[in-house]
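The lines below spell out each chain.
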Amino acid sequence: MTTARDEAKKLIDLGLLAREEAAAALDAVGDATGKELISLLERRQMLTPFQIQKLDAGETTGYFAGRYKLLYVIAAGTFARVYRAIDPTTGNVVAVKILKSKHAADPDSVKNFHREGEITQNLIHPNITRTLEVGTDSATGQHYIAMDFVEGGNLREFIKIRKKISPEELVRLGKQMVEGLRYAHSRGITHRDIKPTNILISAAGDIKWVDFGLGGATTDPKKSPAREQRTIDYAALERQTGSAKGDFRSDIFFLGVVFYELLTGDHPLGENRDRDARTVQKFDSISPLSLKDGVPYDLAQLIDKMTAFRPDARYQDYDSILADLDRVK
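Owing to the predicted nature of the structure, the values given are computational and were not obtained by experimental measurement.

The rules behind each value
Residues numbered from 1 in each chain as written. Predicted model: local features only at pLDDT ≥ 70, side-chain atom pairs only at ≥ 80, totals over all residues. Heavy atoms only, no water. Helix = DSSP H or I, 4+ residues; strand = E, 2+ residues; numbered from the N terminus. Buried < 20%, exposed > 50% of the residue type's maximum accessible area, 1.4 Å probe, protein only. Contact = heavy atoms within 4.5 Å. Areas by Shrake-Rupley, 256 points an atom, 1.4 Å probe, with all protein chains shown as cover. Core = buried A, V, L, I, M, F, W, Y, C linked by side-chain atoms within 4.5 Å. Pairing = 2+ DSSP bridges. Axes fitted to C-alpha atoms, helices over the stretch in contact; angles between N-to-C directions. Phe/Tyr/Trp six-rings, centres within 6.5 Å; stacked < 30°, edge-to-face > 60°. Lys NZ or Arg CZ within 6 Å of the ring centre and 35° of its normal. pLDDT = per-residue confidence, 0-100. Arc of directions from axis to C-beta. Salt bridge = Lys/Arg side-chain N within 4 Å of Asp/Glu carboxyl O.

Our next topic: the overall build of the protein. Each helix and strand in the protein was counted, giving 14 helices and nine strands. Along the three orthogonal principal directions, the C-alpha set of the protein runs to about 75 × 40 × 35 Å. Among the 329 residues that make up the protein, the fraction classed as buried is 51%. Counting contacts in the protein only where the partners sit at least 6 residues apart, residues at least 24 apart contribute 58% of the total. Approximately 16,300 Å² of the protein is accessible, and the part contributed by carbon and sulfur atoms is 49%.

On to the nonpolar core. With 52 residues, the main nonpolar core has Met177, Trp209, Leu255, Phe259, Leu262 and Ile303 as its most contacted residues. Among the secondary structure elements, those contributing two or more residues to this core are α7 (155-162), α8 (167-186), β8 (199-202), β9 (207-209), α11 (232-241), α12 (248-264), α13 (297-306) and α14 (318-327). In terms of residue count, α12 provides more of this core than any other element does, eleven residues in total. Once residues within four sequence positions are removed from consideration, Ile303 is found in contact with Leu170, Gly256, Phe259, Tyr260, Leu263 and Leu289. Residues Leu17, Ala25, Leu41 and Ile52 belong to the second largest nonpolar core, which totals 19 residues.

In space, the six strands of this open sheet follow the order β1-β2-β3-β4-β6-β5, with antiparallel pairing throughout. At either end of the open sheet lies a strand with only one pairing partner, and these are β1 (64-65) and β5 (131-136). Across six bridges, the pairing between strand β2 (residues 68-76) and strand β3 (residues 80-87) is antiparallel. Counted as the bridge partner of Tyr72 is Arg84 from β3. Sheet contacts for helix α4 (residues 49-56): β2 and β3; angle to β2, the most-contacted strand, approximately 110°. Its contacts with the sheet put helix α6 (residues 107-121) on β3, β4 (92-99), β5 and β6 (143-148), and the angle it makes with β5 is roughly 155°.

This next bit is on the sheet that holds β8. Two orientations exist for strands paired in a sheet by backbone hydrogen bonds: parallel and antiparallel. In space, the three strands of this open sheet follow the order β7-β8-β9, with antiparallel pairing throughout. The strands lining the two open edges of the sheet, one partner per strand, are β7 (152-154) and β9. Going across the sheet, the axis of each strand differs from the next one's by a mean of 25°, ignoring polarity. With three bridges joining them, β8 and β9 adopt antiparallel strand pairing. The residue of β9 that forms the bridge with Ile201 is Ile207.

Remark: the centre distance and the inter-plane angle together describe each pair of aromatic rings, the angle taken between the planes. Counting across every chain of the model gives seven aromatic pairs. Centre to centre, the rings of Phe253 and Phe254 are 5.2 Å apart; their planes meet at 80°, and the pair counts as edge-to-face. One exposure class covers both Phe253 and Phe254, and it is buried. Ring plane angle 75° and centroid distance 5.7 Å describe the contact between Phe253 and Phe283, whose orientation is recorded as edge-to-face. With Phe253 in helix α12 and Phe283 in the loop between α12 and α13, the pair connects residues that are 30 residues apart, well separated along the chain. Taken as a pair, Phe253 and Phe283 share a single burial class, namely buried. In textbook terms, an aromatic cluster arises when at least three aromatic residues are bridged by ring pairs, as seen for Tyr234, Phe253, Phe254 and Phe283. In this structure, Lys54 packs its charged tip against the face of Tyr63, placed 5.3 Å from the ring centre.

Turning our attention to the confidence of the model for the protein. Mean pLDDT over the protein works out to 88, with 91% of the residues at or above the 70 mark. Scored below 50 in pLDDT, residues 216-230 shows 36 contacts in the model against residues more than four places distant or in partner chains. Per-residue pLDDT stays below 50 along residues 272-280; that stretch engages in ten contacts with residues further than four places along the chain or on separate chains.

Another aspect to go through is the pairing of β2. A regular strand carries its side chains on alternate faces of the sheet. As paired strands, β1 and β2 are joined by two bridges and run antiparallel to one another. Directly across from Phe64, in β2, lies its bridge partner Lys69. Linking β1 back to β2 in an antiparallel pair, the connection comprises two residues, with Gly66 at a positive phi of about 65°.

This paragraph deals with helix α1 (residues 4-14). Within α1 the residues assigned to the buried category are Ala4, Glu7, Ala8, Leu11 and Leu14. Angular distribution of buried residues about the axis of α1 spans 125°; they occupy a single face of the element. Facing away from the buried surface of α1 by more than 90 degrees, the exposed residues are Arg5, Lys9 and Asp13. The inward-facing, buried residues of α1 contact α2 (19-29), α3 (34-43), α4 and β1. Where α1 terminates, the next one or two residues include Gly15, which has phi positive at roughly 85°.

On inspection of all chains with the given rule, the structure shows 19 salt bridges. The partner of Lys54 in a salt bridge is Glu59, with the nearest N and O atoms 2.5 Å apart. Take Lys54: its relative accessible area is 11%, and that puts it in the buried class. Among the residues examined, Glu59 registers a relative accessible area of 35% and is labelled partly exposed. Residue Asp319 pairs with Arg182 through a salt bridge whose shortest N-O separation is 2.5 Å. Note that Asp319 is positioned in helix α14 and Arg182 in helix α8, a separation of 137 residues in sequence.

Here it is, written out as structure tokens:
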């Protein structure tokens, strides 16, 4: 069994504690075991359960991604995990997205992951989450993207709690979503993966887009299974409508789907869509909102136009959507 002093030295060597923090903790525990020191540090929130689990497993790497100290997982998807982390140079809380190891073995997935970060580094807008750094950790080889941390949650979590929102709130949030996409499109970037989990809403009620990488990736999706799985909805829509791959009006369609769900609490493409993305979608069978009771007619018409099956029947630019949102009564 290690002593508290031995444990403190290990934590300093791993970069988990500063010397002065270790000294203060040792003064508090006195002549104690390493386990008692760890327990004290957990109670003082100086170590997280994620870090302690790695320590118990005897791991000596993976506590950092680049210079960012990882605290705990805040989100996990098919291809990456997102951690709450600290930038020791500034003390700021950041979000760090790390590509999962099974995808890190695929060169195309790695290339697309880095491209995602590089694209968003050049998108500076209040409604797009700012990318701080894109890199590969020298100790673990993990590929990571460091971003501003958004205190809040994503719209999927929001919908689970609220079920649906008022027309007034949809107009306010919708304008921010459109503003972010309009800015990206003005710089030649489409999103290509619009869904509630990629739309964050801060504690202050502001929208922040994440995951713009698919719109700028140029690697052949046939060579990248990860990217193919993530773009299957877009591919199906464009195949059924005969539109060109990368048509920004596909983003408008799927943004309309998000608007529809936020306003009504129902997914216009069916409840099974999120569980099985490979299910053939009937994109031309969305029930028009303008035929439903209890929905403001001008807002219903706007969403119907966004989700029109034929691309030429949808909005042809983001300015027109914003103008119509301004006219909603």
